[in-house]
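What follows is each chain in one-letter form.
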Amino acid sequence: RRYGMADTGPGKASPGSRVIERALLREDPRPLHVIVNAGSNTLAQALLDLEARLPPAEFAAALARLRVFENGAQDNAGAWIANRWSAIHWIRSNYQTYAYAGPSIDGGPDNRGRALELGPHTWPPYAYSGLGQHQWALEHLKGNHGPLLALWPIRQFPRGGVSFLEGGGTIPFLRLLPNGLNAPEHPDWGGWGGRYATTRTPSVWSKHGDVRIDEEGYGLFAMFDELSDTWTDPTSSETYPANIFAPVWRWRAAFFNEFAARADWCIQPFDSANHPPLVRVDGDASTAPLRRALDPGGSLALDASASSDPDGDALTFSWWLYREPGTPGLDLAIDSPADSRTRVTVPANAGPGTAHLILEVSDRSSLHPLTRYRRILLEVTGP
């Protein structure tokens, strides 16, 4: 059964809820990310206990540190929490969290009428199917990669057949990796873990009908919902217009290669394994976004030629405009988008806004090429 608010209350503190309490009470100004797989009643118990123990101001400060990512809304406690403590930063992912490799085991259209497609084919030469994914994984992950990867589960069902690769809570963890693209405090910017709103949407219902029945009895609640991207798969040239899964699909090849390369680390010495490149733009090697200001009609030169690879591999470069998180209608011309050096130019009639220029740098490893990024925020000041 699905656990929910019936499983919380006085005297029901669990080891998990105590861990959350201790983390929220630490003197640490950083956000505390809580990832909810399966159900959020453990978090609900921790918050109930803290509210009873703390002065109101201290409890409000603890809530302000929380960043909750809820996978699939699999119990009714999430809506209850969002109703009771509406200030919590709560992302609910009914769909993108399942786009890791699938996107879903449900089959058929979802309750919003969207087809649950398998997504881009990033596991050739195996078949374009859940079984094909597992055959790829048996070669590159589970098989011959040591005792840890041997424990990785095969998603096989008693009724027969296999579904997409088991991902568990992978998507919300991927969005926290410091890869030069991800920005957890700006979920609308997009990254390996998908793209999410920064304005709350009322009643983001669970896609599970039995959970929603309970949620409808909890009163008003609002959460940060998922956003869509329009994306053209560079391998197949297929375009996915305004697709709810595309904010994850567009990075799938990169993070599949990352997983496979890290599996190799389990069995290979450093000199034999592949490692990600180090991206430097204008001499800056950090992963934080670069900010540059431009006037309409102005241009800016950017230089990533000092980027390097720890294994000595040759590098490929790709500069492109991520339109969805930027100001609508703000376009830029990009010179030499496949070179280490480029120049971007703003149209003379451009209005004020922000453009997200993404640099992808990949090594030319023949088996599992690895990619790192740099996000350049171009602030156009207006006429």
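A. The sheet that holds strand β3 (residues 89-93), seen in detail. With parallel pairing, the 3 strands of this open sheet are ordered in space as β1-β2-β3. What marks the edges here is a single partner per strand, and that holds for β1 (32-36) and β3. This sheet shows a mean twist of 15° between the axes of neighbouring strands, independent of strand direction. One ladder, built from 5 bridges, connects strand β2 (residues 66-71) with β3; its direction is parallel. Bridged to N71 within β3 is S93.

B. Spatial organisation of the environment of D229. Relative to the helices and strands, D229 is located in strand β6 (residues 229-232). A residue is classified by how much of its surface remains accessible, and D229, at 0% relative accessible area, is buried. The residues contacting D229, other than those within four sequence positions of it, are R195, Y240, P241, A242, N243, A246, P247, R250, Y322 and E324. Looking at D229, its side chain comes within polar contact range of the side chain of R195, at 2.8 Å.

C. Inspection of the packing of helix α2 (residues 41-53) against helix α4 (residues 77-84) at higher detail. As a packed pair, α2 and α4 sit with axes 9 Å apart at the nearest point and diverge in direction by 30°. Judged on the interaxial angle alone, α4 and α2 are roughly parallel. The two elements α2 and α4 cross, and the hand of that crossing is left-handed. Side by side, α2 and α4 meet where N41, L43, A44, L47, L48 and E51 of the first sit next to A77, W80, I81 and R84 of the second.

D. Up close: the environment of T345. Structurally, T345 is set in strand β12 (residues 341-345). As a C-alpha pair, T345 and A242 span 103 residues in sequence and 27 Å in three-dimensional space. For T345, the residues in contact, after removing those within four places along its chain, are G297, G298, S299, L332 and A333.

E. The arrangement of the sheet that holds β12 in detail. Spatially, the 3 strands line up as an open sheet ordered β9-β12-β11, and their pairing is antiparallel. In the strand order of this sheet, the two ends are held by β9 (299-303) and β11 (333-335), each with one partner. For this sheet, the mean inter-axis angle between neighbouring strands, taken without regard to orientation, is 20°. Pairing analysis gives 5 bridges linking β9 to β12, with the strands arranged antiparallel. By the bridge assignment, D303 is partnered in β12 with R341.

F. Up close: the confidence of the model for the protein chain. Looking at the protein chain, the pLDDT average stands at 91 and 93% of residues meet or exceed 70. This model gives residues 106-115 a pLDDT under 50, and the stretch forms 18 contacts once residues within four places in sequence are excluded.

G. Representation of the packing of aromatic side chains in the model. For the coordinates displayed, the defined rule picks out 20 aromatic pairs. Their ring planes at 25° and their centres at 5.7 Å tell us that W123 and Y128 sit as a pair that is stacked. Residue W123 is classed as buried on the basis of its relative accessible area, which comes to 0%. Seen in terms of ring centroids, W251 and W320 are 6.0 Å apart; in terms of plane orientation they differ by 40°. Their pairing is tilted. On the criterion of sequence distance, the pair formed by W251 in the loop between α9 (246-249) and α10 (252-265) and W320 in strand β10 (residues 315-322) is long-range, its members being 69 residues apart.

H. Just the pattern of salt bridges, in detail. Counted under the stated rule, the structure contains 16 salt bridges. Between R212 and E216 there is a salt bridge; the shortest N-O distance is 2.8 Å. With a relative accessible area of 32%, R212 lands in the partly exposed category. The salt bridge partner of E258 is R372, with a shortest N-O separation of 3.0 Å. In this pair, E258 is assigned in helix α10 and R372 in strand β14 (residues 371-380), connecting sequence segments 114 residues apart. With respect to class, E258 is no different from R372; both count as buried. The network of salt bridges with common partners includes E70, R92 and E215.

I. Structural detail: the side chain of R195. Counting through the fold element by element, R195 comes out in the loop between α7 (170-174) and β4 (201-202). The class of R195 is buried, set by a relative accessible area of 6%.

J. The packing of helix α5 (residues 130-142) against α10, seen in detail. One can describe the packing of α5 onto α10 by two numbers: an axis separation of 9 Å at closest approach and a directional angle of 35°. On α10, the residues that touch Q133, W136, H140 and L141 of α5 are R252, F256, F259, A260 and A263. Of the residues belonging to the contact of α5 with α10, the class tally is 6 nonpolar, 2 polar and 1 charged.

K. View of the pairing of β1. Residues of β1 alternate between two faces, with L32, V34 and V36 buried on one and H33 and I35 left unburied on the opposite face. Across 5 bridges, the pairing between β1 and β2 is parallel. By the bridge assignment, L32 is partnered in β2 with L66.

The rules we used
The numbering scheme is per chain: residues are counted from 1 as the chain's sequence reads. Confidence filtering applies because this is a predicted model: local features only for residues at pLDDT of at least 70, side-chain atom pairs given and counted only at 80 or more, and all residues used for totals across whole chains, interfaces and linings. Excluding hydrogens and water, the side-chain values take into account all heavy atoms of the structure. Each pair of strands is called paired provided DSSP finds at least two bridges between the two strands. Strands are runs of DSSP state E lasting at least 2 residues, helices are runs of H or I lasting at least 4, and numbering of each runs from the N terminus. Here an angle of 0 to 180 degrees is reported between the N-to-C directions of two axes, which are lines fitted to C-alpha atoms, with helices fitted over the stretch in contact. Partly exposed describes any residue whose relative accessible area lies between the buried limit of under 20% and the exposed limit of over 50%, with all areas from a 1.4 Å probe on protein chains only and scaled to the type maximum. The criterion used for residue contact is that any of the two residues' heavy atoms lie within 4.5 Å. Definition of a polar contact: a pair of N or O atoms within 3.5 Å, with one able to donate and the other able to accept a hydrogen when the atoms are protein atoms, and with sequence-neighbouring residues admitted only if both atoms are side-chain atoms. When an angle is under 35 degrees it counts as roughly parallel; over 145 it counts as roughly antiparallel; between 65 and 115 it counts as roughly perpendicular; any other value is oblique. In this scheme the handedness of a crossing depends on how the near helix is turned from the far one: anticlockwise by less than a right angle means left-handed, clockwise means right-handed. Values of pLDDT, ranging from 0 to 100, describe the predictor's confidence in every residue of the model. We call Phe, Tyr and Trp rings a pair once their centres come within 6.5 Å, taking the six-membered ring for Trp, and we label the pair stacked below 30 degrees between planes, edge-to-face above 60, and tilted otherwise. Only one rule defines a salt bridge in this text: a Lys or Arg side-chain nitrogen within 4 Å of an Asp or Glu carboxyl oxygen. Basically, the charged four are Asp, Glu, Lys and Arg, the nonpolar ten are Ala, Val, Leu, Ile, Met, Phe, Trp, Tyr, Cys and Pro, and anything else, Gly included, counts as polar.

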